[in-house]
Amino acid sequence: MIRIVTLGEFPPDVLDHAQRRIHAAYGMGCELQGEAKLPKSAFTADQDAYDGPKLLDQVDDDTELYADDKLLYLMTAPIGGPIGPMGKGPTDGFAQQGGGRCVVTSAQLGGKGQLTLEAGLAKRAAHYVGHLWDLHHCFDPRCAMHPGWAPGFLQYPEVALCLFCREKSEKKIKLGQG
Amino acid sequence: MTTQGNEIQIGDGSLRTGDRVVYPNQGICRITGVEVKQIAAGHSLEMVLLKREEDGATVMVPRAKVMGIGLRKVATPEIIDEVFDYLASPNDDPQLDWKVRHRENADKMTGGGLFGTAEVLKGLHSLTRVRPLPQKERELYDSARHLLLGEIAAACGIPMHTAEDNLDYALFPPPGMKRKGVELKLLAPIVPIKPLRAAGEDDLGFDDDEETAEEPEAAPAAAESEKDEDRDEDEDGRKLKLVKSGARPKASKPAKAAPAKAAAKSAEKPKTARPAAKSAEKKAAKPAAQSAKPVKPARPAGKASPKDKAAKSKSPAKKKGKS
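Residues numbered from 1 in each chain as written. Chains lettered and ligands numbered in written order. Predicted model: local features only at pLDDT ≥ 70, side-chain atom pairs only at ≥ 80, totals over all residues. Heavy atoms only, no water.

Caption draft 1: Quick peek at the interface of chain A and chain B. Taken residue by residue, the interface counts 47 residues in chain A and 45 residues in chain B. Summed over both sides, the interface between chain A and chain B buries roughly 3900 Å², with carbon and sulfur atoms accounting for 63% of that surface. Looking at the side of chain A facing chain B, the largest losses of area belong to Met 86, Phe 139 and Arg 142 of chain A, adding up to 22% of the total buried there. Ionic pairing is found between Asp 142 of chain B and Lys 168 of chain A, a salt bridge with its closest N-O pair at 2.6 Å. Joining chain A to chain B, the criterion identifies nine residue pairs in polar contact (both at pLDDT 80 or more). (Contact = heavy atoms within 4.5 Å. Buried area = accessible area lost by both parts, 1.4 Å probe. Salt bridge = Lys/Arg side-chain N within 4 Å of Asp/Glu carboxyl O. Polar contact = N/O pair within 3.5 Å; in protein donor to acceptor, adjacent residues only side chain to side chain.)

In structure tokens form, the structure reads like this:
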């Protein structure tokens with residue numbers, strides 16, 4: 001089961017759309033669990049954004065997870081993260097690779113040259129949930145695992161996984177359930 | 001009997017227990033100790049114990065073979081920086097000969113170290129601009145990416161997800177991304193990509209992936225080595241798919257989709273089933289044969305060609321000889 005917890009306000013139809021698209025992409029139940037407060041201590045002033053890893057550590061949420069459950073946090077504020085060898089780049093979420101929790105932001109969606117809030121949030125959410133099943137970024141621009149800043153991500157707003165990513169996620173889901 | 005402690009030196013002396021090492025094709029491991037294992041009656045072997053960090057699996061390597069298999073320490077951040085320089089450099093031309101590519105990639109993955117893995121990833125990445133990757137190479141691409149990410153994350157002390165984002169800032173540079181003062185440019189794919197058809201909630205619209213896969217280079221007819229035999233299955237598989245889709249579409253589909261009951265019924269009624277199948281084969285085979293032969297000028301109806309005459313005169317003799 002994929003459980004969604006919001007860390008901000010979202011229109012119900014946007015959440016409903018995201019739930020449906022995630023369910024369709026992974027063939028797994030997806031439900032809205034509730035709301036939680038955004039931990040202010042995870043805010044980093046130098047990046048003017050919330051630090052993804054810190055946020056997942058410090059979020060005050062008592063959602064119970066079972067063996068194969070995944071937890072998706074949705075927020076509206078921008079997300080940053082540790083700076084790597086390539087320097088600072090665009091970030092729209094953070095996931096514990098192969099782990100249980102991820103956070104996705106709706107920041108910048110609906111703006112000029114961006115997907116609509118509804119389509120963009122669903123695709124970003126499906127992307128980060130994919131990382132929880134150890135899926136890596138995919139070169140296929142039609143796949144939801146294509147990097148979020150690449151032109152293909154905007155060009156194909158449908159939430160779909162390529163054949164390889166879909167098979168890999170199915171294997172991982174079966175392993176988790178087993 | 002397990003021996004532990006920092007005083008134990010392994011391999012050429014550069015590795016010690018407790019070190020984080022990279023096992024080629026396995027990922028990041030930690031040396032946990034050295035153990036003497038009884039292999040056969042009166043024969044024992046000293047094994048180095050490694051614990052894979054990803055899943056906690058234990059790997060045992062004979063102490064004498066530690067350097068031979070390519071076990072090495074995790075790269076330093078300076079080396080990772082060089083790897084990113086390489087990844088961010090303009091794309092190389094991909095190797096289009098699949099046999100050469102397969103051999104080179106296998107060698108790089110096992111003995112090429114960190115740069116070998118990076119070369120495999122970049123080579124396959126640049127190939128994706130030209131053509132879709134076959135299944136085995138797609139798996140290799142994913143595996144190379146996973147191993148590289150593990151080492152980048154371990155070397156730089158960053159989460160795996162951040163490492164992946166950084167890797168793709170180099171491979172799919174976002175607008176304005178710079179590497180050492182030089183702005184990186186994203187190269188567009190050469191292969192036209194079919195847009196997705198409108199997908200329902202259950203239909204995700206990726207059914208036509210295999211049909212779009214093309215094989216631009218001709219399969220070499222040269223003698224094949226043993227290493228290439230496993231690749232041939234893939235190549236043959238693809239060729240068969242192309243033949244089926246091109247020459248006999250109607251005859252091949254029902255055979256695959258037919259349930260067991262329908263197959264049993266068709267076995268009971270061979271007279272009705274056979275002509276249909278034959279006519280389908282003939283219909284499909286005729287255009288293919290016609291297109292394969294070069295067009296010749298039409299011969300007058302009454303006149304036979306000299307070759308035909310010779311064939312007619314020879315044919316009774318052949319029959320006699322055979323009988």
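Caption draft 2: A look at the sheet that holds strand 2 (residues 30-35) of chain A. Residues and elements named next belong to chain A. Strands sit in the order 2-1-5-8-7 across an open sheet of five strands; the sheet is mixed. Here the strands that pair on one side only, and so sit at the sheet edges, are strand 2 and strand 7 (93-95). In this sheet, adjacent strand axes meet at a mean angle of 20 degrees when their direction is disregarded. Where strand 5 (residues 70-75) lies against strand 8 (residues 101-105), five bridges are found, and the strand directions are parallel. Among the inter-strand pairings, Leu 74 is bridged to a residue of strand 8, identified as Val 104. Packed on one face of the sheet, helix 1 (residues 12-26) meets strand 1 (2-6), strand 2 and strand 5 and runs near 140 degrees to strand 2. Of the strands in this sheet, strand 1, strand 5, strand 7 and strand 8 are in contact with helix 3 (residues 117-132), which crosses strand 8 at around 160 degrees. (Pairing = 2+ DSSP bridges. Helix = DSSP H or I, 4+ residues; strand = E, 2+ residues; numbered from the N terminus. Axes fitted to C-alpha atoms, helices over the stretch in contact; angles between N-to-C directions.)

Caption draft 3: Representation of unusual backbone geometry in the model. Here Gln 108 of chain A, not a glycine, exhibits a phi torsion of approximately 75 degrees, which is positive. Turning to its location among the elements, Gln 108 of chain A is positioned in the loop between strand 8 and helix 3. With a relative accessible area of 63%, Gln 108 of chain A lands in the exposed category. For Asn 25 of chain B, which is not glycine, the phi torsion reads 70 degrees and is therefore positive. Within the secondary structure layout, Asn 25 of chain B lies in the loop between strand 4 (20-23) and strand 5 (27-40). (Buried < 20%, exposed > 50% of the residue type's maximum accessible area, 1.4 Å probe, protein only.)

Treat this as a map of the structure, not an account of what it does.
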